[in-house]
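Secondary and tertiary structure notes
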Number of protein chains: 2
Amino acid sequence: MTTAIDETHDPALRSWVESANGHPHFPIQNLPFGVFSPPGGAPRGGVAIGDSILDLAGLVSAGLLTGAGGQAAAASRLNGFLALGAGPRREVRRAVSALLAAGSPRLSMVLPLLHKAADCTMHLPCAIGDYTDFYVGIHHATNGGRLFRPDNPLMPNYKYVPVAYHSRASSVRPSGATVRRPKGQTKAPDDAAPVYRPSARLDFELELAVWMGPGNTLGDPIAIGDAADHIAGYGLLNDWSARDIQAWEAAPLGPFLGKNFSTSVSCWIVTPEALAPFRMAQPARPAGDPPPLPYLFDAADQASGALDLDLAVHLAPAGGTPQPLAHSHARHMYWTPAQMVAHHTCGGCDLHPGDLLGTGTISGIEPDSLGSLLELSEGGRRTVRLADGTERRFLEDGDEVILSARAHRDGFVSIGFGECRGTITPAM
Amino acid sequence: MTTAIDETHDPALRSWVESANGHPHFPIQNLPFGVFSPPGGAPRGGVAIGDSILDLAGLVSAGLLTGAGGQAAAASRLNGFLALGAGPRREVRRAVSALLAAGSPRLSMVLPLLHKAADCTMHLPCAIGDYTDFYVGIHHATNGGRLFRPDNPLMPNYKYVPVAYHSRASSVRPSGATVRRPKGQTKAPDDAAPVYRPSARLDFELELAVWMGPGNTLGDPIAIGDAADHIAGYGLLNDWSARDIQAWEAAPLGPFLGKNFSTSVSCWIVTPEALAPFRMAQPARPAGDPPPLPYLFDAADQASGALDLDLAVHLAPAGGTPQPLAHSHARHMYWTPAQMVAHHTCGGCDLHPGDLLGTGTISGIEPDSLGSLLELSEGGRRTVRLADGTERRFLEDGDEVILSARAHRDGFVSIGFGECRGTITPAM
């Protein structure tokens, strides 16, 4: 599963797109894939480079990007590209890297195919067939469980099962889309009956997105040793949650309307190739925890299947500037992405290119490393105070939540995931 | 929401397709829509008539079916047809009824467009965007709850919330597809740790399928009074369930691998028009039950939004003939289909044409009216004995489960839904 380090990762590599050099998210060492519309244009595949987007459809038309991979990466939906797997993806990435590298003889042909990102409209990168949300953030699971079961917060299955539930694909939107505060049934413990009203406990959840590549046919599980080959890339995911609706509805079948009113994802698919320098060993399990069952254990996955990624949440009150709210790290995932894929398919369920997996909320241990307001406010019992004096227990209308992720390692150029933003609008 | 009775429902109406007259499922008064391939042909839209299928693409080519509705009904996926709503659907149905009616002057043109159903391959009628499974069978909810909470089987939310969860769209298959016994983690109460192994408690669930029509945009709920207009039709659904996998994995987020290995649906979309004679008042709630909250209450829906449908389950052991296993009735739904739609969207979640809703298991009250083996065998504690002497607690490899539904009312010709079949194949 290890993705090779090659010339595209060279820290000395610079781009003739000047904004890329030193860019916090999109230096030439990243080159994530997405779908965008330039001003007045139709949706097409693109690659983020600095503060610009490279038009892959334009590259194909100009004969600068060839082959099945290039064609698929230029399409208005990347499902076909994701289906091709690592080989064609790596080829396209290397070709784009060469075209954007300082000294490229093609500069004059490529330059007209760059668009300022700020002038473009981003779209979902794929048609999402199914969206599954996991629960691999062990501190989130513990913190959430503690609100209901103080003495025994983690369920007995947690350390054996990469717990997940199916979520709603239709309501996933790209970063920047507004999020309407949902109405729903809520019932306070001492209310005689529930009332249909706007949620008063609206929350965000800091998650990673996993975009599926080739996938499997029904009845044919993906072995843990092959699972990484089926992951096409990563992003950020905000699993907006209405805690009061969720609390009343979720027994016995799990979350439904408390989650399905909106999910936001970042727009760029950051590839396993770009992340190759930023893998790490899965942190050792605490003493006494059981080892993964054999169908979830692969030595290479344990050695290098985790992600060395810093995560951050900012909150911008209406009319205000973004304030740090929490920071976390992907090492708090109890299961690797490959384990998520292997488990999802172990009973035969079929995953398809462009399917979306969420990791579940990735909280750390410290009070300022919690990935939801439910945890930060201890279930709404304490007030969270931001640097600008803003106080919150849950989200208010006009609040914008901004998730970000950044990978860095000595000897490599840092990359980011772009942002996953969403602003709360009032209930209907 | 009431759909008018018109000449297509006339009990005196007969078809020149002789097998249709007296057919238990597909007399000319039904005319359900589906997608089929004739021998050697590509998938296309069709209508079931007796033991034959009428090729709608052929009708369009011959100029016998016109307009946007006809074009969309002839396509290889009916999402576009379902999106058009009741008007075009009714027009196509009336046109097909006239073409198939005894005495039609078009007989000689239509006859070559009929295919023996037994020679054709059926497909899913739509690309299913999202699949949601409800829990509206109150006796099933009670029976299932009793296994875990004998004194208080129904959750406190049950009579307020049409409880549902998101299920897996990718693994829905048309009737006739085999169902591989899933492997998964299971743990008996006295096991020290779970084991990954084939499910030993494989079950069926007797449900109705609801196919979505036009749907809504994100953030814009469908009002209860409009909800029926967004239902394009009905079918049967078998929510295959691995009870041992489900029991171990489902806390705290609900069913996942215990359900997503396979779901079977009947292939024909039985329209609200065909079902117009077979609507009934929603049964009165037991004394003491709360009324539906206002967003779930519509007088017309209460007066005629329920379905007067007999349901049946047969089980055919390997090499044997189908034996009656259970019979039930759609009146055991505590919520109407319109209430399901209104609730699903009440927080803003968007439904799209071709989305699939399951009702949840529809069990009756009598011991032979239970819609799952979990209930029939009282959680596996007693043996169910079929008429041929076969004994079961859960499904065995080679078992075929056959769901069927039938509507009848004095003064009208009875119609059926066809069948929803699936045979269990051994685990990998």
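Since the model is a prediction, treat every value here as computed from it, not as a measurement.

Turning our attention to the pattern of salt bridges. Enumeration according to the criterion identifies 42 salt bridges over all chains in this entry. With its nearest N and O atoms 2.8 Å apart, the salt bridge here joins A:D397 to A:R181. Linking A:D397 in the loop between β23 (391-392) and β24 (400-407) with A:R181 in the loop between β9 (179-180) and β10 (183-186), this pair joins segments that are 216 residues apart in sequence. On the basis of relative accessibility, which here comes to 36%, the residue A:D397 falls in the partly exposed class. Between B:R421 and B:E400 there is a salt bridge, and its shortest N-O distance comes to 3.1 Å. Here B:R421, found in strand β25 (residues 415-425), pairs with B:E400, found in strand β24 (residues 400-407); they are 21 residues apart in sequence, far enough to count as distant. Its relative accessible area of 27% is what places B:R421 among the partly exposed residues.

Residue and element names in this part refer to chain A. When its volume is computed, the second largest pocket comes out at roughly 470 Å³. Lining the second largest pocket are 25 residues, and of these R77, A127, I128, A169 and S170 sit closest to its centre. For the lining of the second largest pocket, a count of residues per class yields ten nonpolar, nine polar and six charged.

All right, on to helix α9 (residues 337-345) of chain B then. Helical geometry: 3.6 residues make up each α-helical turn, so side chains three or four residues apart lie on a common side. Of all nine residues that make up α9(B), nine are buried, and the element is covered over most of its length. Looking at α9(B), one finds that the buried residues are B:P337, B:A338, B:Q339, B:M340, B:V341, B:A342, B:H343, B:H344 and B:T345.

What follows deals with the interface of chain B and chain A. Taken together, the contact between chain B and chain A spans 59 residues of the former and 58 residues of the latter. When the two sides are added together, the surface that chain B and chain A hide from each other amounts to roughly 5200 Å², 61% of it contributed by carbon and sulfur. The interface formed by chain B and chain A includes six salt bridges. Across the pair B:D355 and A:R168 runs a salt bridge whose closest N-O atoms are separated by 2.6 Å. Of the residues forming the side of chain B that touches chain A, the biggest block, four residues, is contributed by strand β7 (residues 164-167) of chain B.

Within chain A, residue pLDDT values average 97, and 100% of them lie at 70 or more. For this predicted complex, the interface score ipTM comes out at 0.97, while the overall pTM is 0.97.

This part is about the sheet that holds strand β4 (residues 114-116) of chain B. Note on sheets: strands pair through backbone hydrogen bonds, and any given pair is parallel or antiparallel. All names here are of chain B. Here five strands make up an open sheet; going across it, the order is β4-β3-β2-β1-β5 and the pairing antiparallel. A strand with exactly one partner marks an edge of an open sheet, and here the two such strands are β4 and β5 (121-123). Shown here is a sheet whose adjacent strand axes are inclined to one another by a mean of 45°, direction ignored. In terms of strand pairing, strand β1 (residues 33-37) meets β5 through three bridges, oriented antiparallel.

Among the residues making up helix α6 (residues 138-148) of chain B, those that are buried are B:I138, B:H140, B:A141, B:T142, B:N143, B:G144 and B:G145. Structurally, α6(B) contributes buried residues whose contacts are with α10 (373-376) of chain B.

Here we come to the packing of aromatic side chains. Counted by the stated rule, this structure contains 18 aromatic pairs over all chains. Taken together, a centroid distance of 6.1 Å and an interplanar angle of 80° make the contact between A:F134 and B:F256 edge-to-face. Of this pair, A:F134 sits in strand β6 (residues 131-134) while B:F256 sits in the loop between α7 (243-249) and β16 (263-265), which puts the two residues in different chains. By relative accessible area, A:F134 is classed as buried at 1%. What links up through ring pairs into an aromatic cluster is the set A:Y135, A:Y158, A:Y334 and A:W335.

Let us now look at unusual backbone geometry. Between A:A251 and the following residue, A:P252, the backbone shows a cis peptide bond with an omega angle of 0°. Relative to the helices and strands, A:P252 resides in the loop between α7 (243-249) and β16 (263-265). Notably, A:L31 is not glycine yet its phi reads approximately 60°, a positive angle. Judged by its relative accessible area of 1%, A:L31 is buried. The residue B:E378 is not glycine, and still its phi comes out positive at about 50°. In this structure, B:E378 sits in the loop between α10 and β22 (384-385).

Let's shift gears to the relation of the copies chain B and chain A. You can overlay chain B on chain A at an RMSD of 0.0 Å; the transform is a turn of 180° with a shift of 0.0 Å along its axis. Both copies of the chain, as the preceding transformation shows, are related through a two-fold rotation axis. The C-alpha atom lying nearest the rotation axis in chain B is that of B:G254; the distance is 2.2 Å. A shared binding surface is used by both copies, with 98% of the interface residues of chain B retained as interface residues in chain A.

Moving on: empty space enclosed by the protein. For the structure on display, the rule yields eight cavities of 30 Å³ or more. Together, A:R180, A:R181, A:P182, A:K183, A:Y196, A:A427, A:M428, B:G219, B:P221, B:C346, B:G347 and B:G348 line the largest cavity. Residues of the lining of the largest cavity, tallied by class, amount to six nonpolar, three polar and three charged.

Residue and element names in this part refer to chain A. Topologically, Y234 is positioned in strand β14 (residues 231-238). According to the relative accessible area criterion, Y234 is buried, its value standing at 2%. With 144 residues separating them along the chain, Y234 and E378 place their C-alpha atoms 29 Å apart. If sequence neighbours within four positions are ignored, Y234 has contacts with A209, V210, W211, W268, I269, V270, L275, R279, L307, P337 and F417.

The rules we used
Residues numbered from 1 in each chain as written. Chains lettered and ligands numbered in written order. Predicted model: local features only at pLDDT ≥ 70, side-chain atom pairs only at ≥ 80, totals over all residues. Heavy atoms only, no water. Salt bridge = Lys/Arg side-chain N within 4 Å of Asp/Glu carboxyl O. Helix = DSSP H or I, 4+ residues; strand = E, 2+ residues; numbered from the N terminus. Buried < 20%, exposed > 50% of the residue type's maximum accessible area, 1.4 Å probe, protein only. 1 Å grid on protein atoms, 1.4 Å probe; cavity = no way out; pocket = protein on both sides within 12 Å on 5 of 7 lines; lining within 4 Å. Points joined across faces, edges and corners; volume = space filled by probe spheres on them. Nonpolar A, V, L, I, M, F, W, Y, C, P; charged D, E, K, R; others polar. Contact = heavy atoms within 4.5 Å. Buried area = accessible area lost by both parts, 1.4 Å probe. pLDDT = per-residue confidence, 0-100. Pairing = 2+ DSSP bridges. Axes fitted to C-alpha atoms, helices over the stretch in contact; angles between N-to-C directions. Phe/Tyr/Trp six-rings, centres within 6.5 Å; stacked < 30°, edge-to-face > 60°. Least-squares fit on C-alpha atoms with pLDDT ≥ 70 in both.

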